[in-house]
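# Coordinates in review
The chain contents come next:
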Amino acid sequence: MTLLTRLPLTRSLRLVLVVLAIFSTPPALRTTLHAQAAVNKVEDVLSYADLLFNQEQFTLAAQQYSIFIQENPKSPNLQIAWFRLGECYLKANQIQDATTSFNFLITEYKRGPFVGSAAYRLAVLSFNAKDYQNSLAYFKKAKDELNNEDAKFQAKFYFARSLQLTKQPKEALAVFEQMIAEKPGPENPFLERCQLESARLHFELGDTKKALELFKSLAETAATQEFKEEAIVRGGLLAAEAGETEASEELLNQALRFSDTSPWKNLAQVGAIFNAFTREDYDRVIGLYNTGAYSAPDESRAKMLLIVGHSFRLKGDLDSAARLYALVAGKYPTQTEGIEAGYRRLQILHQQSDPMLPEVATRFAESQRKIDPKSFYIDMAWLMKAEWHFIQAENSASGSGSEFAKKHFGDAADAYKRVRLDNVDEKFRETALYKLGWSEIESGDLQSGILSLSRFVSRHPKSPLASSALAKRAVAYQSQGDHQFALGDFQSIASRYPDAPEVEFSMQQIALIYAHQRKTAEMITAYKNLLNKFPDTNGAGEANYWIGVGYFDLEEHQEAIPNLEKGRELDANLEDQTTLRLVICHYQLENIEKLSIEAKRYIEGEPEIENNDAAKKRAVIPPPVLEYLGKKLAAQEDYEGADYFLTEISTPDEPAQTVASTWKIIAECRQKLKKHVEAILAYDHFLLQTERPSERATAYLERGISQFCLRDFEKARNSAQESLRSQKEGRTNAEARILLGDIGASEGNLEEAAREYLVVSQIFSDPEVTPKALAKAINAYQSLGNREKAQELQDELTAQFPGYKKPASFEVDC
């Protein structure tokens, strides 16, 4: 839209009819009238009418002219009478009667000076009534028939103006230029006006250069202030549009010095604003705008307000810019400026992340659809709305999977779908299609998201976003259970985009998918590839762990151990599952030392969980493993280790749930560790499960020893007696009797003790038990003072067991 649009004339045509009468009635004709009056007495009525007319008694004169016309239908003076009749009606403000009289004269006589004068009167009436079509016809008649050159020239000017006002600019321009050529000097009363209208028409016809030339010339030569001011301002504005900045500045600076009452000063200020904006002087634009209101035409005002808004925006005053854009968009919604202003306002709302943006964008898009359905502004509005929702979802404090985020992703997807990608700048197309697919997936519409991302990858295979799109699509496939399609996408990322940021994630997922598909060898290879390419990956612990798991599943336990240990070292969260597998590996490899270390680490690493149900979910080391370990340690005389692991698998609250052999080993280990109370409990649990006499005899014996060590002699005696009842002979029986002797001795009953010891020495022959019984009997007899018996037994001991060495103490080792 050009600034130099047509402005309404500052003054309407006002023709003084009396002056026009003087111009349009030839002097020769008046002389002829007097002569005829003198000669033709019959026309005294006409003379009388003229008299009344000259005395301005127009109503009476009209009556006399009417009488004359009626009584003298063949008079040569009828044209005069009809003209004067029309003049009388005109003076009496009987416009319709005047029009009828003048039209009759023109129609009846067609040619002549009175026809010309009548046509002029009707032309003036039509022009003042803005009936330019009729004024055009009448002024043409007048200029052709009038004899007076001045009147004829005046009719010609208004004939041109009528052409101009009936949208015939070329024809009007030809007449104005003809008038300038006919009278190029001061003798032409319409010279400046013709020059002004010619300049206007050249501009209207698109000849800006010629229009500028005429305006500049008139700005220098015009004597009429009104014309001069218009020429200066229009010339300045045209110079600005033509890129003649200096000439424009010079002219507009003159205009800025006009009086405040000048109707052109405001337009000059508008032009100065345009010039300042052109040279990027945004401060001056804003300063000029702030000087006051402007009465420029709507077209220029719209553009002026728009560039002021641009200036505020470029200076960083977004709020002021938004207010001006809203003003222009609201006042000129269908104009180019109004549409651009609405769009610029949207840009500011988008830049500010204003919560009003979705609503404003929707209204803007819908209104533009009614104006121009193909407008790219519609698509940009939907794009900005989509971006706003996308950002809200991504920045959700509750996370991308929250209901809040899903809703905004859904709204974003709906807006992205409305964007006609072919209708927006190419730089937006990739991102818009990519984010459409992303939003659809995040909002739960997996199938649509997969299709959108497929279109993206197909159209933009070399885009920096291509690898991300493939990764997102692969994740969507995984969510649907389409692991093979997901695997294909992840493999494409790794092979086609080796430097993409998604490669590491893709290689992890490749390995995990193989794990899901139970393709163990492929999984191991995939994780090794990951570690080779990304040795410092955050997932190194997990990768090592799964490599170890793979070897574990393949029963290659020795191969599994290094990776499992490395995985645990790098990722503390893998402690439990890694250690448990290491336990199994060492068990399978019969590595007792490392099995013991890992098993203890696992047992003691159990987290403290208040919720018992949660505690139960933790996997346990298989009991056979701990049983095997406990027995091996016991065999190696690592009684503490054996007791630890076997106790771990025991069930003291439900003793029957633990096998008798385990209770037996636990009891023996505890006894070796001098943990007599715990040993007695273990022997009790064992005795409840075993029926074999020999095993029961041994258990009673050992339980009795522990009870003895606890100085519970009564219970110890009972246990020893139970052992004797279970085993009638043999070593266990002998040792039970020795225990009875020890109990008697501890209670001070040395005779009973000596008797029990002596019985053993007499009925049981054993290189360990028999000499021990004899030695204890000797000691008892010596304590009783029976040295003879003691010596007898000493001689027997020496004879039967010559190499026997007497212990330093006969006390039971407790």
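So, here's what we can say about the structure. (Residues numbered from 1 in each chain as written. Predicted model: local features only at pLDDT ≥ 70, side-chain atom pairs only at ≥ 80, totals over all residues. Heavy atoms only, no water.)

## Some points on the overall build of the chain
- Looking only at helices and strands, one finds 43 helices and zero strands in the chain.
- Over its C-alpha trace the chain gives a radius of gyration of 61 Å, far above what one expects of a compact globule, namely 28 Å for 814 residues.
- Projected onto its principal axes, the C-alpha coordinates of the chain cover approximately 210 × 50 × 45 Å.
- With 814 residues in all, the chain has 50% of them scored as buried.
- Put simply, 52% of the contacts in the chain that link residues at least 6 apart link residues at least 24 apart.
- Approximately 40500 Å² of the chain is accessible, and the part contributed by carbon and sulfur atoms is 49%.
- Of the side chains in the chain, 96 bear a positive and 115 a negative charge, and the two mean positions are spaced by 8 Å. (Helix = DSSP H or I, 4+ residues; strand = E, 2+ residues; numbered from the N terminus. Rg over C-alpha atoms; globule rule 2.2 N^0.38 Å. Buried < 20%, exposed > 50% of the residue type's maximum accessible area, 1.4 Å probe, protein only. Contact = heavy atoms within 4.5 Å. Areas by Shrake-Rupley, 256 points an atom, 1.4 Å probe, with all protein chains shown as cover. Lys, Arg positive; Asp, Glu negative; His and termini not counted. Charge placed at Lys NZ, Arg CZ, Asp CG, Glu CD.)

## Details of a nonpolar patch on the surface
- Side chains of Val677, Leu681 and Leu710 sit close together on the surface and give an oily, nonpolar patch of about 250 Å² of accessible area.
- Relative to the helices and strands, Leu710 resides in the loop between helix H38 (693–709) and helix H39 (713–726). (Patch = residues over 30% accessible without salt bridge, like charges linked within 9 Å, V, L, I, M, F, W, Y side chains within 5 Å. Salt bridge = Lys/Arg side-chain N within 4 Å of Asp/Glu carboxyl O.)

## Side note on the packing of H38 against H39
- The interhelical angle for the contact between H38 and H39, taken along N-to-C directions, is 165 degrees, at an axis separation of 8 Å. One way to sum up the angle between H38 and H39 is to call them roughly antiparallel. Considering only the axes of H38 and H39, their crossing is left-handed. In this structure, H38 uses Pro693, Arg696, Ala697, Tyr700, Leu701, Arg703, Gly704, Gln707 and Phe708 to contact H39, whose residues at the interface are Phe713, Lys715, Ala716, Ser719, Glu722, Ser723 and Ser726.
- For the contact of H38 with H39, the residue count by class is seven nonpolar, five polar and four charged. (Axes fitted to C-alpha atoms, helices over the stretch in contact; angles between N-to-C directions. Parallel < 35°, antiparallel > 145°, perpendicular 65-115°, else oblique. Left-handed = near helix turned anticlockwise from the far one by under 90°. Nonpolar A, V, L, I, M, F, W, Y, C, P; charged D, E, K, R; others polar.)

## Points about the pattern of salt bridges
- Following the criterion strictly, the structure yields 44 salt bridges and no others.
- Where Asp379 meets Arg420, a salt bridge forms, and the shortest distance between an N and an O atom there is 2.8 Å. With Asp379 in helix H21 (residues 376–394) and Arg420 in the loop between helix H22 (403–418) and helix H23 (426–442), the pair connects residues that are 41 residues apart, well separated along the chain.
- Accessibility expressed as a relative area gives 35% for Arg420, which makes it partly exposed.
- Between Lys789 and Glu792 there is a salt bridge whose closest N-O contact spans 3.8 Å.

## Some words on the packing of aromatic side chains
- Taken as a whole, this structure holds 29 aromatic pairs when the rule is applied.
- With a centroid separation of 4.3 Å and 40 degrees between ring planes, the pair formed by Trp82 and Phe104 is classed as tilted. Taken as a pair, Trp82 in helix H5 (residues 78–91) and Phe104 in helix H6 (residues 95–109) lie far apart in primary sequence, 22 residues in all.
- With relative accessibility at 34%, the residue Phe104 sits in the partly exposed group.
- Put simply, the rings of Tyr120, Phe127, Tyr132, Phe139, Phe153, Phe157, Tyr158, Phe176 and Phe190 touch in pairs and so form one group of aromatic residues.
- For Lys143, the ring lying beneath its charged end belongs to Phe159, and the centroid distance is 5.1 Å. (Phe/Tyr/Trp six-rings, centres within 6.5 Å; stacked < 30°, edge-to-face > 60°. Lys NZ or Arg CZ within 6 Å of the ring centre and 35° of its normal.)

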